[in-house]
Amino acid sequence: LPACRDSQLFIKDLHFDGVPTRIYIPREPSASKRRGVIFIHGGCGIFGSIRSYERICRYIARKSDSVVVSVGYHLAPEHKYPAQTLECLTATVHFLKTAETYGVDPTRIIVCGDSVGGTFTASVCQELRRRTDIPKIRAQVLIYPFLQALNFNLPSHQKNATIAFLSQERTVHFILKYLNKDFSLKEPILAGSHVPESINLKYKKWINPDLIPDEFKLGYKPPLPTLFLPQVYEEVQELFEPWFSPLLADDAVVCGLPDTCIVTCEHDVLRDEGLLYKKRLEDNNVRVTWHHMEKGFH
């Protein structure tokens, strides 16, 4: 949907330091400064737009009486990674600095995103945790986020391997499309051949089926050991960066994150990434609210 007149909202397309955005401001006067929501849409970094998330952003603005900023980051592979994360970061910083212009309390701004939008949200909050020149993000909302690219054989990957819309195979396909890599890398990545033993050992404390509650592991079968392929590892170095896989961030980063809301869906290959991040945050004394949709799909 294009931006058009809304009886309850003032809607306008803007640019925040060069990044396309659409802002939704409730028309009803407010006695005090409103809350702000930065919304980062999903779509694997290669689909989606401000226009395709118009209804959702209007709904959030109306129901929460908040000023919503939808970020229209440029899509891959035409705009190479990490351009998307950088644009989301730029738009967020701009809004934090100029919030009062839009009637927003700069200390009450959250960042929210679904799917890869949740990835970008997690990365932005990790990056901004140490900034002292701008207001702190009040909270982050991660809706079925993608958070790691080391292990594609977690219980939720197995359970939902052939689920509609986002299967196990399509997840890796979209990752390779996003990074503009050769699709021949898909099978070895699905098997885990892209991860050297040293990295597996390093991150086993964070990415491990043993950390997932038993009720989510019915029917799970640990995968057989696979042969490490150095040439595949060399091709996909981006997968091991916290900007791409926020679950790999150090504890020193995670402990400084804002209050968090995580939404997971039972019929979603990415379910367990949300569960693992939830545990990491809680282990680092970050306050977490978790909503699990038992009948939900990605």
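The protein chain has the name ADCL4 protein in an unreviewed UniProt entry, where Certhia familiaris is given as its organism.

Draft legend 1. Up close: unusual backbone geometry. Of note, the bond from Ala76 into Pro77 is cis; its omega dihedral lies within 30 degrees of zero at 0°. Tracing the backbone through its elements, the reader meets Pro77 in the loop between β4 (67–71) and α2 (83–98). The omega torsion across Tyr81 and Pro82 is 5°, close enough to zero to call that bond cis. Take Pro82: it is sitting in the loop between β4 and α2. At Ser115, a position not held by glycine, the phi torsion is positive, near 55°. When you line up the elements, Ser115 lands in the loop between β5 (104–114) and α3 (116–128). In this structure Ser115 comes out as buried when scored by relative accessible area, which is 8%.

Draft legend 2. Expanded view of empty space enclosed by the protein. Overall, the coordinates contain 1 cavity of 30 Å³ or more when judged by the stated rule. Of the pockets and cavities examined, the largest cavity occupies roughly 200 Å³. Every residue lining the largest cavity is counted, 17 residues in all, and those nearest its centre are Cys44, Val116, Phe146, Thr171 and Ile175. Elements supplying a minimum of two residues to the lining of the largest cavity: α3 and α5 (168–178). Element by element, the count of residues in the lining of the largest cavity is highest for α5, at 4 residues. Per-class residue counts for the lining of the largest cavity are 12 nonpolar, 5 polar and no charged. Each of domain 1 (9–148 + 242–297) and domain 2 (155–240) accounts for three or more of the residues forming the lining of the largest cavity.

About the thresholds
Residues numbered from 1 in each chain as written. Predicted model: local features only at pLDDT ≥ 70, side-chain atom pairs only at ≥ 80, totals over all residues. Heavy atoms only, no water. Helix = DSSP H or I, 4+ residues; strand = E, 2+ residues; numbered from the N terminus. Buried < 20%, exposed > 50% of the residue type's maximum accessible area, 1.4 Å probe, protein only. 1 Å grid on protein atoms, 1.4 Å probe; cavity = no way out; pocket = protein on both sides within 12 Å on 5 of 7 lines; lining within 4 Å. Points joined across faces, edges and corners; volume = space filled by probe spheres on them. Nonpolar A, V, L, I, M, F, W, Y, C, P; charged D, E, K, R; others polar. Domains from an automatic or database assignment.

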